[in-house]
Each structure stands twice: as C-alpha cells, then as structure tokens.
Amino acid sequence: MLKIEGIGASYGAFKVLHDISLDVADGETVVTVGPNGAGKTTLLRVIIGVLKPTSGAIYFDGQRVDGKEPYEISDMGISVVPEGGRLFPDLTVYDNLKAGSYTKRSRREFKQSLDAIFSRFPILKERQTQIAGSLSGGERQMLAIARTLMSRPKLVMFDEVSSGLAPKVVTNLFELVKRIKSQGYSILMIEQNVRKAIELADHAYLMESGRLQFHGSKEDFIQSPHIRKAYLGI
C-alpha cells in the first residue's frame, strides 16, 4: 500500500532524514519508534506532502505521490491524527467531525460515516453539541481520531498519540487504536512509547538521528539487546 524508498528531507541546510525506506502493507500496522528529534514527525510531513523530500520516492496504491500536493494525497486515502489532536476547540464535537469530511468521497458519504463514528464512539454521539475545547484530554484525542476516520481513509497515520496524556488515558487510547486495527485499516504509527506501540505492531522501525537503525517484527524488537536496554527498560 505505502512504499517509501530512500527518502531524504531537510529544513534549509539542516538534513533531517537520511535514506529512509519503509513499507506498510494493506491491513498492516507499522510503528516507527525513537526518541525526540529522531525525525519521526518529519517523515509524516513528507508522506502527506507538507514537506517535499530532497531525494527518494513515495508510492501509495502503486502511484507515486511525493510530487503531489497535500490535498491530492489526502483524496487518495491517506489521513493523519496529528500530535495533540489539533481540534477546532471553539466548535462543537459535531462540527469537528463534519470538518473531517473534506475529501470528495467522504463528503458524498457524510451521513453513513457519521453513523459509523457514533456507533464506534457512543460518547461522541452523547456530546455532539458540546464544545470540543471543554472535553477531557482523552475525549479530545478520541475526537481527533474520529475526525480523521470521517475522511474514510485507507491508511491512518498517528503522530505521537500518547503525548502529554495520563497513563490510564494512554492505555485507553491504545485499546482504541487496537480496535481500529481490527477493523482492517492500514496504520502507520509514530510513537515514543515503545512498549505500548510494539504491542500493536506487525512490523516496527527504530529511528535515531534521522536514520533507520533497526527493522523487524514485534518479536525481533523485543529480543534486540539495544532496544530492550534503551527503550524497554529490560
């Protein structure tokens, strides 16, 4: 589904990504983990077209996308849950969900999408007239995920979904992502919480200083001495 080949990216003269290659198969969950400043969020920015790569190529559903504009990439079926959710805090839950139906396909199927979201997230149906900024941290992140699903994506990307949240909320959110995974979505998750993220992974990548340092299955990651010591505290 998603194929990244030798991507490089820079902010001005500062090179952030170095020869990154990564694959996400249809229905697969791939996590990319690593410390702050590793280049994980930059990778997502390149995939969605906000930042143009300096080298390499990106393919989605067999089409090259690294030269396309963000709205074109989104229309193809790639959507991202940004770090912190980035809701419209002064709008209602309903209006935030409506804002998620911005692609051509999702606008045509808004009612069906909304019914599906309210079925998956009953609390959002109960609070559809509530101002988004008045929700709890966990509810805001739930709304951010639901808003992303309103675009009817093929690939859902999560950028640091656990950032700044209490441990109990983080556990609930990862359970939510697990449910989304079980519904057949392809997922690319960028995450610092290695222990939680690896539990969901079919495949995982470790990024450090803009480079891929390790790639393998969940079992490979758990057995790696470096990852066990540096990221899992084992």
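No experiment lies behind these values; they were computed from the predicted model shown.

Thresholds, definitions, all that
- Residues numbered from 1 in each chain as written.
- Predicted model: local features only at pLDDT ≥ 70, side-chain atom pairs only at ≥ 80, totals over all residues.
- Heavy atoms only, no water.
- Phe/Tyr/Trp six-rings, centres within 6.5 Å; stacked < 30°, edge-to-face > 60°.
- Helix = DSSP H or I, 4+ residues; strand = E, 2+ residues; numbered from the N terminus.
- Buried < 20%, exposed > 50% of the residue type's maximum accessible area, 1.4 Å probe, protein only.
- Contact = heavy atoms within 4.5 Å.
- Pairing = 2+ DSSP bridges.
- Axes fitted to C-alpha atoms, helices over the stretch in contact; angles between N-to-C directions.
- Parallel < 35°, antiparallel > 145°, perpendicular 65-115°, else oblique.
- Left-handed = near helix turned anticlockwise from the far one by under 90°.
- Nonpolar A, V, L, I, M, F, W, Y, C, P; charged D, E, K, R; others polar.
- Salt bridge = Lys/Arg side-chain N within 4 Å of Asp/Glu carboxyl O.
- Patch = residues over 30% accessible without salt bridge, like charges linked within 9 Å, V, L, I, M, F, W, Y side chains within 5 Å.
- Areas by Shrake-Rupley, 256 points an atom, 1.4 Å probe, with all protein chains shown as cover.
- Lys, Arg positive; Asp, Glu negative; His and termini not counted.
- Charge placed at Lys NZ, Arg CZ, Asp CG, Glu CD.

The relative placement of two aromatic rings is captured by the distance of their centres and the angle of their planes. For the coordinates displayed, the defined rule picks out two aromatic pairs. Ring geometry for tyrosine 94 versus phenylalanine 110: centroids 6.1 Å apart, planes at 90 degrees, classification edge-to-face. With a gap of 16 residues between them, tyrosine 94 in helix H3 (residues 93–100) and phenylalanine 110 in helix H5 (residues 110–120) connect regions that are remote in the sequence. Given the relative accessible area of 27%, tyrosine 94 is considered partly exposed. When the ring of phenylalanine 214 is compared with that of phenylalanine 221, the centres are 5.1 Å apart and the planes differ by 75 degrees; the resulting orientation is edge-to-face.

Take the side chain of glutamate 139 next. Looking at the secondary structure, you find glutamate 139 in helix H7 (residues 137–149). For glutamate 139, the contacting residues outside a window of four places in its chain are Ile123 and Arg127.

Positive phi values are uncommon outside glycine, yet aspartate 19 reaches one of about 55 degrees. Position of aspartate 19 relative to the elements: it lies in strand E2 (residues 14–24). The exposed category is assigned to aspartate 19, whose relative accessible area is 58%. The backbone of arginine 152 sits at a positive phi, close to 55 degrees, despite the residue not being glycine. Take arginine 152: it is sitting in the loop between H7 and strand E7 (155–159).

The strand order across the open sheet built from six strands is E6-E7-E8-E3-E9-E10, with neighbouring strands paired in mixed fashion. Of all strands in the sheet, those bounded by a partner on one side alone are strand E6 (78–81) and strand E10 (211–217). This sheet shows a mean twist of 15 degrees between the axes of neighbouring strands, independent of strand direction. Pairing of strand E9 (residues 203–208) with E10, which is carried by six bridges, proceeds in the antiparallel orientation. Bridge pairing in E10 places methionine 207 opposite leucine 212. Relative to the sheet, helix H1 (residues 40–47) contacts strand E3 (29–33), E6, E7, strand E8 (186–191) and E9, its axis offset from that of E8 by approximately 145 degrees. The strands that helix H8 (residues 167–182) touches are E3, E7 and E8; relative to E8, the one it contacts most, it runs at about 155 degrees.

What follows covers the packing of H7 against H8. It is at 10 Å that the axes of H7 and H8 come closest, and there the two elements cross at 20 degrees. In this view, H7 runs roughly parallel relative to H8, as classed from their interaxial angle. Considering the relative orientation of H7 and H8, their crossing is right-handed. On the side of H7, the interface is formed by Gly138, Gln141, Met142, Ile145 and Leu149, while H8 contributes Val169, Leu173, Leu176 and Ile180. Of the residues that constitute the contact of H7 with H8, the class distribution is seven nonpolar, two polar and no charged.

Moving on: the pattern of salt bridges. Overall, the coordinates contain eight salt bridges when judged by the stated rule. One salt bridge connects lysine 40 with glutamate 160, and the closest N-O pair in it is separated by 3.4 Å. A residue pair is termed long-range when its members are at least 10 positions apart, and lysine 40 in helix H1 and glutamate 160 in the loop between E7 and H8 qualify at 120 residues. Here the two residues lysine 40 and glutamate 160 agree in accessibility, since each one is buried. Aspartate 61 serves as the salt-bridge partner of lysine 154, at 2.9 Å between the closest nitrogen and oxygen. Of this pair, lysine 154 sits in the loop between H7 and E7 while aspartate 61 sits in the loop between strand E4 (55–60) and strand E5 (63–64); the two residues are 93 residues apart in sequence, bridging distant segments of the chain.

Together, Lys104, Arg105, Arg107 and Arg108 make up a region of like positive charge exposed at the surface. Within the fold, arginine 108 resides in helix H4 (residues 104–108). Given the relative accessible area of 62%, arginine 108 is considered exposed.

Now for the sheet that holds E5. If you trace the four strands from one edge of the open sheet to the other, you get E2-E1-E4-E5, paired in antiparallel fashion. One side of each edge strand has no neighbouring strand; the edge strands of this open sheet are E2 and E5. Set on the sheet, H1 makes contact with strand E1 (2–11), E2 and E4; between it and E1 the angle comes to about 110 degrees.

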